[in-house]
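# Structural overview for review
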4 protein chains.
Amino acid sequence: MTITPPALSVFEALESEVRSYCRGWPAVFDRAQGSHMYDEDGHTYLDFFAGAGSLNYGHNNPVLKRALIDYIERDGVTHGLDMSTTAKRAFLESFQNNILRPRDLPYKVMFPGPTGTNAVEAALKLARKVKGRESIVSFTNAFHGMSLGSLAVTGNAFKRAGAGIPLVHGTPMPFDNYFDGTVPDFLWFERLLEDQGSGLNQPAAVIVETVQGEGGINVARPEWLRALAELCERQDMLLIVDDIQMGCGRTGAFFSFEEAGITPDIVTVSKSISGYGMPMSLTLFKPELDIWEPGEHNGTFRGNNPAFVTAAATLDTYWADGQMEKQTLARGEQVEQALRAICEEQPGVHFRGRGLVWGMEFEDKPRASAVCKRAFELGLLVETSGPEGEVVKLLPALTISPEDLDEGLRTLARAVRETA
Amino acid sequence: MTITPPALSVFEALESEVRSYCRGWPAVFDRAQGSHMYDEDGHTYLDFFAGAGSLNYGHNNPVLKRALIDYIERDGVTHGLDMSTTAKRAFLESFQNNILRPRDLPYKVMFPGPTGTNAVEAALKLARKVKGRESIVSFTNAFHGMSLGSLAVTGNAFKRAGAGIPLVHGTPMPFDNYFDGTVPDFLWFERLLEDQGSGLNQPAAVIVETVQGEGGINVARPEWLRALAELCERQDMLLIVDDIQMGCGRTGAFFSFEEAGITPDIVTVSKSISGYGMPMSLTLFKPELDIWEPGEHNGTFRGNNPAFVTAAATLDTYWADGQMEKQTLARGEQVEQALRAICEEQPGVHFRGRGLVWGMEFEDKPRASAVCKRAFELGLLVETSGPEGEVVKLLPALTISPEDLDEGLRTLARAVRETA
Amino acid sequence: MTITPPALSVFEALESEVRSYCRGWPAVFDRAQGSHMYDEDGHTYLDFFAGAGSLNYGHNNPVLKRALIDYIERDGVTHGLDMSTTAKRAFLESFQNNILRPRDLPYKVMFPGPTGTNAVEAALKLARKVKGRESIVSFTNAFHGMSLGSLAVTGNAFKRAGAGIPLVHGTPMPFDNYFDGTVPDFLWFERLLEDQGSGLNQPAAVIVETVQGEGGINVARPEWLRALAELCERQDMLLIVDDIQMGCGRTGAFFSFEEAGITPDIVTVSKSISGYGMPMSLTLFKPELDIWEPGEHNGTFRGNNPAFVTAAATLDTYWADGQMEKQTLARGEQVEQALRAICEEQPGVHFRGRGLVWGMEFEDKPRASAVCKRAFELGLLVETSGPEGEVVKLLPALTISPEDLDEGLRTLARAVRETA
Amino acid sequence: MTITPPALSVFEALESEVRSYCRGWPAVFDRAQGSHMYDEDGHTYLDFFAGAGSLNYGHNNPVLKRALIDYIERDGVTHGLDMSTTAKRAFLESFQNNILRPRDLPYKVMFPGPTGTNAVEAALKLARKVKGRESIVSFTNAFHGMSLGSLAVTGNAFKRAGAGIPLVHGTPMPFDNYFDGTVPDFLWFERLLEDQGSGLNQPAAVIVETVQGEGGINVARPEWLRALAELCERQDMLLIVDDIQMGCGRTGAFFSFEEAGITPDIVTVSKSISGYGMPMSLTLFKPELDIWEPGEHNGTFRGNNPAFVTAAATLDTYWADGQMEKQTLARGEQVEQALRAICEEQPGVHFRGRGLVWGMEFEDKPRASAVCKRAFELGLLVETSGPEGEVVKLLPALTISPEDLDEGLRTLARAVRETA
């Protein structure tokens with residue numbers, strides 16, 4: 001496939017220099033269906049990025065599309081602030097019936113605004129309010145969002161520098177396997193907590209991703225997560241799982257923490273919750289934490305009702321039984337086999353992942369970018385992650401066909417070979 | 001009209017106590033069209049709130065609805081991160097042609113995430129980065145959002161307390177007319193800036209709303225805004241106009257600051273920019289401020305393409321000429337006459353406003369809530385604002401018919417009379 | 001008198017560039033007695049600066065000197081941490097008998113460390129602990145010290161910049177007469193406190209100097225101080241009077257706030273409390289505020305016992321009756337007359353003051369420095385103050401003879417004339 | 001020896017509850033000479049605390065006393081702000097000749113105010129100013145002072161809580177041997193610095209004590225200090241050694257870091273620098289860091305000239321050759337032998353130390369207090385340290401006679417035995 005660089009003039013002339021993905025993927029996209037995107041010049045791309053995990057059910061999933069168009073056609077409420085609506089009720093009931101009740105999760109549901117960072121900001125506010133402390137512990141290479149509260153618990157130095165103010169009230173701790181198993185888990189963290197002279201401000205909460213997506217596909221072991229949950233319990237800290245990217249089935253189960261058998265105090269959900277790529281997010285928490293005053297946190301778009309409609313359709317369609325989880329795990333094995341083959345063939349390449357989130361780390365760090373560039377030329381959309389962009393990150397739609405998955409993995413293998 | 005309180009069980013059982021509007025308007029809304037909302041029990045409500053200013057063109061505006069459904073039907077890209085898409089290009093071109101170019105505004109356009117607070121966070125980051133200073137000056141009774149950066153420049157003590165950490169780096173100054181004209185404008189602010197011993201940290205920027213919506217419909221005079229712009233220029237501070245609620249034609253012109261003849265350094269736009277109530281926001285700034293590095297600020301839903309589609313349709317339909325502005329000003333006069341009549345009849349009631357944003361302040365502060373409650377019973381949706389909820393706030397759709405407007409104003413007059 | 005610049009080599013070679021007074025007064029001082037200092041080259045200087053208010057009883061006051069030498073000779077405890085000592089007891093008894101009891105002041109006494117900034121840090125800590133709030137209100141052109149807590153409530157931009165971190169948790173309000181009487185007192189402050197939407201974080205305390213020394217000899221009127229005390233009472237804020245420079249009789253009465261008839265919640269005392277120029281400070285507070293845990297604040301030199309000895313001697317000698325106050329007020333009148341004469345003769349010069357602290361402000365700001373320079377050449381030590389160094393500040397010893405005072409005032413008049 | 005509790009009435013009635021040492025040592029001290037203190041009831045105490053390290057040359061050392069009285073007698077300048085004085089010159093010359101030059105240390109000397117926390121505040125300000133960063137790394141169980149800047153890098157949770165505001169801009173790292181040698185030195189610290197995604201704000205400086213006194217007599221190994229110095233060099237961070245308690249010969253050499261062969265960028269000195277227990281402190285730094293503006297940091301008592309006089313006498317008397325160092329190390333061996341014997345006899349007691357600073361840690365933590373209490377009854381002054389007060393801390397004067405040292409160690413052994 002040969003791709004002629006499109007005319008990007010209005011983007012270059014008018015859009016801020018902050019734009020990013022459009023630089024790595026110099027095409028003007030027009031349509032999308034399932035695992036494919038189409039640019040205006042007629043090129044087709046197989047999408048292994050899925051809106052950074054926002055499109056777990058593929059682009060413009062037909063089931064959701066039908067529900068969405070029906071809703072729009074019949075003039076269902078589009079913008080509802082936090083008024084009660086029939087769409088919101090349908091979502092809440094579906095969420096309770098398909099997700100919370102079968103998992104015996106007691107959570108209250110908050111609509112904190114439609115983006116992930118809104119959900120994180122609400123979670124941090126609530127944790128601080130409940131515990132009456134300011135400090136939050138996060139982990140190395142964490143990513144939680146770009147507004148100031150979320151950014152303060154995000155690891156990336158480049159993004160932190162963008163704040164323009166010193167980011168405080170957060171302390172990083174080593175994520176699982178940060179020292180390749182040479183140091184006992186939580187040795188440093190627990191010692192700081194127990195030592196009255198350590199200088200650590202007593203944290204209100206710990207915020208963690210079970211798999212760090214932006215951080216480089218770092219996978220926490222279930223036993224590490226369990227030990228963390230126990231540490232939080234023991235030390236009177238709330239446990240916040242940020243499941244924005246890894247929730248909604250990305251790792252197999254609906255919530256990524258289910259495998260570990262833990263029940264976080266607070267959970268943030270966004271990205272794929274609407275199923276259709278529309279902005280929506282949730283902050284879930286144990287009922288005893290629900291000490292919010294009415295309106296103490298608000299937001300104009302927290303009632304994005306079309307998103308509620310597709311969200312409910314998603315849950316009813318994909319999460320009424322365990323099929324989706326099984327399928328994701330099966331597809332994950334398919335990916336794992338392919339990556340193993342690549343890594344056996346290519347020295348200096350390592351892989352890791354879980355469910356349908358996988359990463360290939362290159363010892364020769366710039367090579368990861370080269371692989372993505374070559375993959376793009378070959379019609380495959382993949383992106384890097386990790387603190388130095390040294391990891392190629394695979395986030396195919398959960399609904400991808402085995403054939404498309406296979407094709408993409410073959411393209412990827414070729415891109416790796418051709419950048420050796 | 002008699003309204004039976006609906007069964008709200010799932011909302012009460014599952015949704016967080018933070019929910020708010022649903023308490024004042026105890027109905028379950030189902031459909032909406034233009035200036036009307038319909039609940040599941042068949043009641044009709046005339047909407048004088050318009051999604052807190054997000055629905056300037058009415059609910060589910062048919063022109064936009066057509067464009068939206070067409071886009072969805074043809075599988076246009078829904079979720080696009082910050083990839084280049086044909087929908088984004090169409091929006092950018094329309095925004096340039098209909099808005100920026102005719103007004104001779106030089107702005108670069110940033111998509112900071114889909115909500116107003118995303119736009120404010122990006123504006124503050126950029127201002128701090130450009131000036132290398134942390135401090136921001138805001139105004140009494142300002143409202144800029146709920147994430148930590150925005151909340152720090154928001155006045156409301158109740159919402160600030162929700163942060164759970166001390167909010168710093170912001171200093172409030174008196175908004176226009178804060179002392180009823182008894183103190184010269186900017187006397188305090190300018191003196192602090194000029195006095196090297198004042199203790200004010202030199203601000204990177206000043207953030208202001210031309211009309212404070214949440215703050216109680218406080219209208220800044222054009223001459224005050226001009227003096228503020230000159231002060232910023234003189235004292236090397238960036239001027240940020242937060243036009244999230246007052247932009248998109250709410251005050252007549254597309255931008256609320258046009259009347260004053262000023263060109264802010266940075267402008268935030270959200271709420272009605274998509275036209276259809278879908279999450280979308282913009283941060284605009286002078287090109288010399290565009291010192292962002294690629295990806296230094298990002299966000300999952302910053303490429304909400306269906307919103308771009310309706311946004312472009314809005315601009316092409318309503319902003320290709322000056323008709324919308326004229327109509328808004330005409331409707332505003334209709335409101336003004338009605339409010340004058342109410343205030344002449346009722347002692348202790350005062351009104352103020354501009355374009356199609358108006359407020360009625362009650363000296364007997366709790367009466368404002370009583371008016372809204374009575375209005376709801378009479379089928380009219382209006383809300384309070386102001387630090388103690390003492391102002392009834394009118395934000396009808398700009399597209400409301402004179403007849404509907406008249407009906408709503410008569411209902412309002414009745415609610416005022418009946419709460420005397 | 002002609003002064004040859006002395007060899008300053010070791011100072012220039014070894015001492016940090018931060019040194020300051022030695023630059024304006026290029027002499028190497030050797031001895032001092034009463035109101036005179038003597039340099040190593042045999043020049044004599046009349047001292048109108050008195051250690052920035054630390055030498056209210058003159059240099060090496062003979063009464064105190066005797067007590068001090070006796071104490072040292074008999075091996076009295078020099079360094080006592082916060083152990084109980086006979087010297088500390090004698091001081092406490094003298095302070096109670098001569099100062100607190102006659103004035104009916106109920107204060108507990110804390111030894112927070114030997115410097116003024118220690119006393120301020122302790123005062124701010126205690127206020128925050130008592131009220132459970134972080135924010136402190138200070139005033140324009142306030143000076144409270146150089147450690148981070150004190151610096152955050154100090155106005156001077158140059159000194160603030162030295163912090164290297166953003167100084168937060170403090171908000172400046174206009175000091176008395178900041179707008180030359182054109183704005184009602186506390187208009188802005190009280191409005192911010194009463195307006196729930198103002199954006200002001202509710203303060204734990206207000207810290208104020210009754211006369212701002214470093215700020216330019218700005219004298220608060222008694223009625224302004226009374227109104228401030230009432231405002232604090234009404235708004236549940238603690239009132240801290242920083243009497244470090246203006247206490248110990250500088251304005252006439254022992255405490256500078258006595259004239260206003262107020263009883264601050266917390267008072268900081270330092271500079272002249274030891275009487276002999278030795279480091280010592282006190283933080284005084286109402287007994288109900290004494291919620292400190294043992295050792296919660298400490299400091300190595302908080303038990304500077306030789307300073308307790310001279311302090312007790314000072315109180316017994318000068319404060320057992322009202323003579324000192326009368327004499328100070330009389331000397332103050334002598335200064336006032338002289339300054340009036342100068343200002344009547346010289347256009348663009350204004351004076352203000354109280355007790356024995358006076359300032360001459362020059363409209364031609366750099367002239368104040370020129371006056372000090374010329375005065376030094378003429379054998380008189382005076383310094384500038386004010387945000388731009390535009391005020392010549394007179395702080396003669398309270399014990400100065402009328403003849404010396406007259407001589408210094410004549411020298412000053414000559415320096416003013418010769419810089420016209 | 002039987003001790004009747006003295007009448008403490010004025011202390012109890014008037015002094016704040018914050019008082020601390022006077023509670024553990026319920027006597028009223030009157031005189032002191034060398035290693036002995038005398039209370040007003042005629043009891044004698046052997047002092048193993050030495051003003052928390054401020055009296056390295058004993059109480060009221062006769063050599064210094066002579067110099068001090070002579071200076072006072074001849075009316076030498078007592079209070080000199082930062083004017084040049086003959087006393088300051090003599091000190092600077094003595095410091096250069098006896099201390100800096102022989103050790104080839106290039107430092108500029110700053111007089112930051114007379115207390116240790118003043119010196120630390122100045123050091124932190126300068127480091128932040130030089131590097132343009134806010135963040136400082138400190139170590140677990142560090143103690144640097146009670147003003148807000150110093151407190152933020154102090155570990156003790158109880159003292160931190162006294163701040164009344166969240167202490168930020170500091171991050172603790174594990175001190176040497178924090179994990180009993182099971183984790184490689186600086187593993188965590190260096191990894192955080194190298195990982196661009198770690199979330200650690202890039203530090204301006206690292207502040208460290210070579211032996212943590214308040215923290216429990218934790219002794220850093222020379223190789224650990226060297227590795228720290230190299231890490232700072234490699235990672236562009238300034239190294240600040242806080243030598244307030246451990247400098248002035250406490251560990252043998254004048255500076256405690258000499259043994260490690262490192263040259264810190266900034267050094268803070270206080271406590272024993274005046275030699276006589278009078279408030280004085282220094283901030284030393286490499287000349288290229290001397291970017292202070294004149295007067296950017298100041299303080300009323302930074303020119304405590306009597307302290308300069310005794311300081312110079314100290315240096316001339318004790319530091320003109322290597323005798324003091326040898327003697328201290330010899331006395332240290334005497335202590336070590338005695339402690340070894342105690343610990344061999346008593347299970348659950350461990351000792352550590354260097355030079356003449358030693359600690360005995362009790363596994364049964366409250367026993368350390370009991371030992372101090374019993375020692376006091378037996379006429380020996382010793383105090384606890386460590387996060388839970390589990391360490392008895394020995395800080396005898398460096399000038400103590402072998403006989404007195406022996407007597408104190410025997411009393412200590414008895415107190416340990418009697419609390420078993």
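Residues numbered from 1 in each chain as written. Chains lettered and ligands numbered in written order. Predicted model: local features only at pLDDT ≥ 70, side-chain atom pairs only at ≥ 80, totals over all residues. Heavy atoms only, no water.

### Here's the deal with the overall build of chain A
Heads up, the rule is: Put simply, DSSP H or I for four residues or longer makes a helix, DSSP E for two residues or longer makes a strand, and each gets a number counted from the N terminus. The quantity called the radius of gyration is restricted to C-alpha atoms. Its globule counterpart is 2.2 Å times the number of residues to the power 0.38. Only the protein chains shown count as cover for residues, and all accessible areas are computed by the Shrake-Rupley method using a 1.4 Å probe.
Within chain A, the regular secondary structure consists of 14 helices and 17 strands. A compact globule built from 420 residues should have a C-alpha radius of gyration of about 22 Å, and chain A, at 21 Å, falls within 12% of that. In terms of its C-alpha atoms, chain A occupies a principal-axis envelope of roughly 60 × 60 × 45 Å. Here chain A displays about 12600 Å² of accessible surface, and carbon together with sulfur accounts for 46% of that area.

### Examining the interface of chain D and chain C
Which entries qualify depends on this criterion: By definition in these notes, contact holds between two residues if any of their heavy atoms fall within 4.5 Å. Buried area adds together the accessible area that both of two parts lose upon being put together, with accessible area traced by a 1.4 Å probe. By salt bridge we mean one thing: a side-chain nitrogen of Lys or Arg within 4 Å of a carboxyl oxygen of Asp or Glu.
Taken together, the contacts link 105 residues of chain D with 105 residues of chain C. Buried area between chain D and chain C, both sides added, is near 9400 Å², and the carbon and sulfur share of it is 61%. Seen at the junction of chain D and chain C, the total is 10 salt bridges. Between E17(D) and K108(C) there is a salt bridge, with its nearest N and O atoms 4.0 Å apart.

### Things to note about the sheet that holds strand β13 (residues 349-354) of chain A
The strands that make up a sheet pair up through hydrogen bonds in the backbone, lying either parallel or antiparallel. Residues and elements named next belong to chain A. We apply this condition: By this definition, two strands are paired if DSSP reports at least two bridges between them. Here an angle of 0 to 180 degrees is reported between the N-to-C directions of two axes, which are lines fitted to C-alpha atoms, with helices fitted over the stretch in contact.
Spatially, β13-β14-β17-β16 is the arrangement adopted by the 4 strands of the open sheet, whose pairing is antiparallel. The open sheet is flanked by β13 and β16 (383-385), the only strands paired with a single partner. Along the sheet, successive strands turn relative to each other by an average axial angle of 30 degrees, direction set aside. Sheet topology note: the strand β14 (residues 357-362)/strand β17 (residues 391-394) ladder contains 4 bridges and is antiparallel. Its bridge partner being in β17, M360 is matched across the sheet by V392.

### Things to note about the pattern of salt bridges
Note the threshold: Between buried and exposed lies partly exposed: a residue is buried under 20% and exposed over 50% of the maximum accessible area for its type, with that area taken using a 1.4 Å probe on protein chains only.
If you walk through the whole model with that rule in mind, you get 116 salt bridges over all chains. In this structure, R89(B) engages E40(A) in a salt bridge whose closest nitrogen and oxygen atoms are separated by 2.3 Å. Of this pair, R89(B) sits in helix α5 (residues 86-103) while E40(A) sits in the loop between β2 (36-39) and β3 (44-47), on two different chains. Given the relative accessible area of 17%, R89(B) is considered buried. Where E377(C) meets K373(C), a salt bridge forms, and the shortest distance between an N and an O atom there is 3.5 Å. Here K373(C) and E377(C) lie together in helix α13 (residues 366-377), a separation of 4 residues that amounts to about one turn. Relative accessible area serves as the criterion here: at 32%, E377(C) is assigned to the partly exposed category.

### Points about the domain arrangement of chain A
Residue and element names in this part refer to chain A. Applicable threshold: Domains are outlined according to an automatic or database domain assignment.
Assigned domains within chain A: domain 1 (9-61 + 323-418) and domain 2 (76-318). The distance between the C-alpha centroids of domain 1 and domain 2 comes to 25 Å. Contact with domain 1, which involves 32 residues of that partner, is made by 28 residues of domain 2. Buried area between domain 1 and domain 2, summed over both chains or domains, comes out near 2500 Å², and the portion from carbon and sulfur atoms is 48%. The interface formed by domain 1 and domain 2 contains 2 salt bridges. Between K393 and E214 there is a salt bridge, with the nearest N and O atoms lying 2.6 Å from each other.

### What to know about the relation of the copies chain D and chain C
Put simply, the rule reads: The copies are overlaid by a least-squares fit using only the C-alpha atoms of residues whose pLDDT is at least 70 in both copies.
Of the two same-sequence chains, chain D is brought onto chain C (RMSD 0.0 Å, axial shift 0.0 Å) by a rotation of 180 degrees. Expressed as a symmetry operation, the mapping of one chain copy onto the other fits a two-fold axis. For chain D, the smallest separation between a C-alpha atom and the rotation axis is recorded for L148(D), amounting to 2.7 Å. Interface overlap between copies: 100% of the residues of chain D at the interface are likewise at the interface in chain C, consistent with a symmetric, same-surface contact.

### Remarks on the relation of the copies chain A and chain B
For these two chains of identical sequence, chain A goes onto chain B by a turn of 180 degrees and a shift of 0.0 Å along the axis, with RMSD 0.0 Å. By residue overlap, the copies meet face to face through one surface: 100% of the interface positions of chain A are interface positions in chain B.

### As for the environment of L315(C)
Residues and elements named next belong to chain C. Mapped onto the fold, L315 is located in helix α11 (residues 305-318). Of the residues examined, L315 reaches a relative accessible area of 1% and is grouped as buried. Setting aside chain neighbours within four positions, we find L315 in contact with F91, S94, F95, N98, I99, F254 and A320.

### Remarks on the environment of E258(D)
Residue and element names in this part refer to chain D. Rules: Whenever a nitrogen or oxygen atom comes within 3.5 Å of another N or O atom, the pair is scored as a polar contact, on the condition that within protein one atom can donate a hydrogen and the other can accept it, and that pairs from neighbouring residues in sequence are kept only if both atoms are in side chains.
Within the secondary structure, E258 sits in the loop between β11 (238-242) and β12 (266-269). A sequence separation of 173 residues divides E258 from T85, and the C-alpha atoms of the two residues are 30 Å apart. When sequence neighbours within four positions are dropped, the list of residues in contact with E258 reads R103 and A253. A distance of 2.7 Å separates a polar atom in the side chain of E258 from a polar atom in the side chain of R103.

### Focus on the packing of aromatic side chains
Our working definition: Note on aromatic pairs: the rings of Phe, Tyr and Trp (six-membered ring only in Trp) are paired at centre separations within 6.5 Å, and the planes decide the class, stacked below 30 degrees, edge-to-face beyond 60, tilted for the rest.
What the rule picks out here adds up to 88 aromatic pairs over all chains. Relative to F376(B), the ring of Y45(B) has its centre 5.2 Å away and its plane inclined at 15 degrees; by these criteria the two rings are stacked. Residue Y45(B) is found in strand β3 (residues 44-47), and its partner F376(B) is found in helix α13 (residues 366-377); the two are separated by 331 residues along the sequence. Since its relative accessible area comes to 0%, Y45(B) is described here as buried. The buried category is assigned to F376(B), whose relative accessible area is 5%. Between Y57(D) and Y318(D), the aromatic rings sit 5.0 Å apart at their centres with planes inclined by 20 degrees, giving stacked as the arrangement. Here Y318(D) lies in helix α11 (residues 305-318) and Y57(D) lies in the loop between α3 (50-53) and α4 (62-73), a separation of 261 residues in the sequence. Here Y57(D) and Y318(D) have matching classes, each one buried.

### Considering empty space enclosed by the protein
Space left empty within the atom packing is revealed by a probe, the size of a water molecule, rolled over the atoms. For the record, the criterion: Residues are said to line a cavity or pocket when one of their atoms sits within 4 Å of a point; the points come from a 1 Å grid over protein atoms alone, cavities being sets where a 1.4 Å probe fits but cannot get out and pockets being open sets with protein on both sides within 12 Å along at least five of seven lines. Grid points are joined across faces, edges and corners, and a volume is the space filled by probe spheres set on the points. Polar here means any residue outside two lists: the nonpolar Ala, Val, Leu, Ile, Met, Phe, Trp, Tyr, Cys and Pro, and the charged Asp, Glu, Lys and Arg; Gly therefore counts as polar.
Within this model, the largest cavity holds a volume of roughly 620 Å³. V168(A), V168(B), V168(C), V168(D) and H169(D) are the residues nearest the centre of the largest cavity, which is lined by 38 residues in total. Looking at the lining of the largest cavity, the elements with two or more residues in it are α7 (148-151) of chain A, α7 (148-151) of chain B, α7 (148-151) of chain C together with α6 (116-131) and α7 (148-151) of chain D. Broken down by class, the residue content of the lining of the largest cavity amounts to 26 nonpolar, 8 polar and 4 charged.

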